[in-house]
Structures are given as structure tokens and as C-alpha cells.
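Residue-level structure breakdown
Each chain, letter by letter, is given below.
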Amino acid sequence: DAGVIQSPRHEVTEMGQEVTLRCKPISGHNSLFWYRQTMMRGLELLIYFNNNVPIDDSGMPEDRFSAKMPNASFSTLKIQPSEPRDSAVYFCASSTGGEKLFFGSGTQLSVL
Amino acid sequence: AQSVTQPDIHITVSEGASLELRCNYSYGATPYLFWYVQSPGQGLQLLLKYFSGDTLVQGIKGFEAEFKRSQSSFNLRKPSVHWSDAAEYFCASTSGNTPLVFGKGTRLSVIA
């Protein structure tokens, strides 16, 4: 298995633009997590899904952030409109039970 | 609410020296505890985990960690550090029904 695949690896955009981050979890994993990593806050859980259903989105910073999981093999995290303070590394992780997580390599987002 | 504290932001050790990274958790019952390692530009990789039983757990790459309920700690140790161990280390916990909560990480530098 190729592991959790995230795209793009790097994204540079201008303030106000829409940003879409993508994630393909490991086949057979039924839980998917989106984390954001910054120097100031460390790793923050944004949202997680079980069997494609969002379970807890309390970590989503504001309405500009949205996440979807239309099927078991794909998820997106969208920021619209983006702001410079959204600059961070965004990680997707998947698991079979929420305990041992397998992380993707992350998307480095820079909003100018 | 659960929380995980890693008191040391950055630690520098000499190659061949022993290592101990500190982690304290806040949770009423016994949590599930984890240590992850993050190399530059990569996602997190699981080093070891504690669920129950023997309080000293062995992990990959020669790491071990000891659960001490009386101190609410789960410190990571390695008897002899290699230059390739330089990375960011994250402690995490879960009650089993909730997603992982991560500490802010400890950056390990290894000098010759």
C-alpha cells in the first residue's frame, strides 16, 4: 500500500483565493483525520470522519474551512477565502480504529 | 478535557548519549498513550504505544517508554542516540473513544 497520499505537497496562494487540499486514505481504513500544524499551536485536530461521516468538526477554525469525504477513498479540506494566518502544514491521517494513525506527508500551505 | 504536555521544546544531546523526552498527560482514567516521530518534511510515524499491562513498552528504532500513573507521565527513552534520531517527537493520548490529542512536540538535535 502506498500509505496516505496528500496533494499538493506545497501550495502557495494569495489571500482571498480558494484552496483545496486532497487526501487519499489507506484502503480499508474507516477513519480519516485532518490536522493542522503550526509552530505556535502544534498539531491541532480540525475534523475527523468515521465511515465517511463527519463526527467532530469542532476544531475547524471558522466557516471559511470545510471538509468533505464523498467516498471511502477521498477527502478534501477547503479554505475559502484563504488568509495569511491559514499558512501551516496540513496533515491527513487514517486509521482502522482511531488509535494508531497513519499520516500523509502533509501539504505546506503558504498564503501571501 | 484531555491534554498532553511536553515540557521541553528543544533538546540537544551528543551522539551516543542517553535520551529522555518528557511527557505528562491529563486524564482521569488510564489513557492510551503514544509517541510519534516526525522527520523534516514528513508526516508522523508511530514509535510505540501503551494500552495496558507492562508499564515499560518497547518501540521501533531502539526507543522505549515507561508509563508512570503516579506521575501521570509517559517519558520516552533511548540508551544511545544516533545522529539519525534528530527529529521532532510528539507524545499523544486518547481515551479510546476520542481522537488523539498531541503535545506540542520536542525537537531533538544530535551533535557529534
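Description of the structure in this document.

Here is what the cut-offs are and how they apply
Residue numbering note: each chain is counted from 1, following its sequence as written. For naming, the first written chain is A and the first written ligand is 1, with later ones following in the order written. Local features in this predicted model are restricted to residues whose pLDDT is 70 or higher, and side-chain atom pairs enter the listing and the counts only when it is 80 or higher, whereas totals over whole chains, interfaces and linings include all residues. Side-chain figures throughout are based on the complete set of non-hydrogen atoms in the structure, without hydrogens or water. The way it works is that DSSP assigns letters per residue, a run of H or I at least four long becomes a helix, a run of E at least two long becomes a strand, and they are numbered from the N terminus. Buried residues are those whose accessible area, probed at 1.4 Å on protein chains only, stays under 20% of the maximum for their type, while exposed residues exceed 50% and partly exposed ones sit between those limits. In the analysis that follows, any N or O atom pair within 3.5 Å is treated as a polar contact, provided that within protein one partner can donate a hydrogen and the other can accept it, and provided that, for residues neighboring in sequence, both atoms belong to side chains. Criterion for a disulfide: a pair of cysteine sulfur atoms within 2.5 Å. In what follows, a contact means two residues having at least one pair of non-hydrogen atoms within 4.5 Å. Put simply, a salt bridge is a Lys or Arg side-chain nitrogen that is within 4 Å of an Asp or Glu carboxyl oxygen. Following the grouping adopted for this structure description, the nonpolar residues are Ala, Val, Leu, Ile, Met, Phe, Trp, Tyr, Cys and Pro, the charged ones are Asp, Glu, Lys and Arg, and the polar ones are all others, Gly among them. Should DSSP find at least two bridges between two strands, the strands are taken to pair. Geometry is summarised by axes, namely lines fitted to C-alpha atoms with helices restricted to the contacting stretch, and by angles between N-to-C directions that run from 0 to 180 degrees.

So, the environment of D54(B)
All names here are of chain B. Take D54: it is sitting in the loop between strand 6 (44-50) and strand 7 (56-58). Here D54 falls in the exposed class, since its relative accessible area comes to 56%. Separated by 44 residues in sequence, D54 and H10 place their C-alpha atoms 29 Å apart. Among the polar contacts listed, one links the side chain of D54 to the backbone nitrogen of L56, at a separation of 3.1 Å.

Quick notes on unusual backbone geometry
All names here are of chain A. Residue P8 is reached from S7 by a cis peptide bond, and omega for that bond is -10°. With respect to the element layout, P8 can be found in the loop between strand 1 (5-7) and strand 2 (10-13). Backbone geometry places N51, a non-glycine residue, at a positive phi of 50°. Residue placement: N51 occurs in the loop between strand 5 (42-50) and strand 6 (53-56).

Points about the state of the cysteines
Residue and element names in this part refer to chain A. Taken as a whole, this structure holds 2 disulfides over all chains when the rule is applied. Covalent S-S linkage joins C23 and C92, the inter-sulfur distance amounting to 1.9 Å. Measuring the twist about the S-S bond at about -65°, one finds the C23-C92 disulfide to be left-handed. One end of the pair, C23, is in strand 3 (residues 19-24); the other, C92, is in strand 9 (residues 88-95), with 69 residues separating them in the sequence. According to the relative accessible area criterion, C92 is buried, its value standing at 0%.

What about the interface of chain A and chain B?
Counting from both sides, the interface comprises 17 residues of chain A and, opposite them, 17 residues of chain B. Our count for the chain A to chain B interface comes out at 0 salt bridges. At the junction of chain A with chain B, the criterion picks out 5 residue pairs in polar contact (both at pLDDT 80 or more). When the residues that make up the side of chain A that touches chain B are grouped by side-chain class, the tally is 9 nonpolar, 4 polar and 4 charged.

Details of the side chain of E64(B)
Residue and element names in this part refer to chain B. Looking at where E64 falls in the secondary structure, it is placed in strand 8 (residues 64-68). Side-chain polar atoms of E64 contact the side chain of Q58, separated by 3.2 Å. Discounting residues that sit within four places of it in the chain, E64 has contacts with L48, L56, V57, Q58, N75, L76 and R77.

Brief notes about the sheet that holds strand 7 (residues 65-71) of chain A
Residue and element names in this part refer to chain A. If you walk across this open sheet you meet the 4 strands as 1-3-8-7, and the pairing is antiparallel. Whereas interior strands pair on both sides, the edge strands pair on one side only; in this sheet they are strand 1 and strand 7. Taken over all neighbouring pairs, the strand axes of this sheet differ in orientation by 15° on average, direction set aside. In this structure, strand 1 lies alongside strand 3, joined through 3 bridges in antiparallel fashion. When the sheet's bridge partners are listed, I5 is paired in strand 3 with K24.

This is a description of form; function is not addressed.
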